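# Descriptive analysis of the structure
Next come the chains, spelled out residue by residue.
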Amino acid sequence: MTAQPEEHEEHDYLGPATLVVEGVEFSVEVQLRGHFQPIDGRFRWYGRIRPNTDLHTLLAGKKRTGQLTTPQGSATGEISDPDPWQRYRILGVSTPPFPLPTADLSD
């Protein structure tokens, strides 16, 4: 049995979320990050959904669109690319479902 890779320490949100795919609601755990893409002026957020047997049964390794909601917000993302540990990738282009740090410009 192969060990699961170490979790990255860097993340913008790590915790519980609700994912709705094709009208079915799942309680999931997610690890999310994001960054502003200056070339096209959009914010891209992405991450992995921890293994969830029911979600894996529904998705069966195929791409789907879903609504991800955390305690701080909600956003639509594309779910795809399960890794060998059945952690699905999720990505979106929008305001993310987690708070963004703000810069203090009061100098």
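Above this note sits the structure.
The following refers to the structure shown. (Residues numbered from 1 in each chain as written. Predicted model: local features only at pLDDT ≥ 70, side-chain atom pairs only at ≥ 80, totals over all residues. Heavy atoms only, no water.)

### Observations regarding the pattern of salt bridges
Within the structure shown, the criterion is met by four salt bridges. Measuring nitrogen to oxygen at the nearest pair gives 2.5 Å for the salt bridge that ties Glu22 to Arg64. You can see Glu22 sitting in the loop between β1 (13–21) and β2 (24–37) and its partner Arg64 sitting in strand β4 (residues 64–70), a full 42 residues away along the chain. On the basis of relative accessible area, Arg64 is assigned to the partly exposed category, the value being 21%. (Salt bridge = Lys/Arg side-chain N within 4 Å of Asp/Glu carboxyl O. Helix = DSSP H or I, 4+ residues; strand = E, 2+ residues; numbered from the N terminus. Buried < 20%, exposed > 50% of the residue type's maximum accessible area, 1.4 Å probe, protein only.)

### Looking at the nonpolar core
Within the largest apolar cluster, 19 residues are counted, with the highest numbers of intra-cluster contacts made by Leu19, Ile49 and Leu68. If you list the elements that add at least two residues to this core, you get β1, β2, β3 (42–49), α1 (53–59), β5 (73–80) and β6 (88–93). Ignoring any residue separated from it by four or fewer positions in sequence, one finds Leu68 in contact with Ala17, Thr18, Leu19, Val28, Val30, Leu32, Trp45, Gly73, Ser74, Ala75, Ile90 and Pro97. (Core = buried A, V, L, I, M, F, W, Y, C linked by side-chain atoms within 4.5 Å. Contact = heavy atoms within 4.5 Å.)

### Some remarks on the sheet that holds β1
Reading around the circumference, β1-β2-β3-β6-β5-β4 is the order of the six strands in this closed barrel, with antiparallel pairing throughout. Between one strand axis and the next, the sheet turns by 40° as a mean value, whatever way the strands run. Where β1 meets β2, nine bridges bridge the pair, whose relative direction is antiparallel. Paired with Pro16 across the strands is Glu29, a residue of β2. (Pairing = 2+ DSSP bridges. Axes fitted to C-alpha atoms, helices over the stretch in contact; angles between N-to-C directions.)

### Quick word on the pairing of β4
Strand direction decides the pairing type here: β1 and β4, joined by four bridges, are antiparallel. Bridge pairing in β4 places Thr18 opposite Thr69. In terms of strand pairing, β4 meets β5 through seven bridges, oriented antiparallel. Bridging across to β5, Thr70 finds its partner in Gly73. Once β4 ends, the chain turns through two residues before running back antiparallel as β5.

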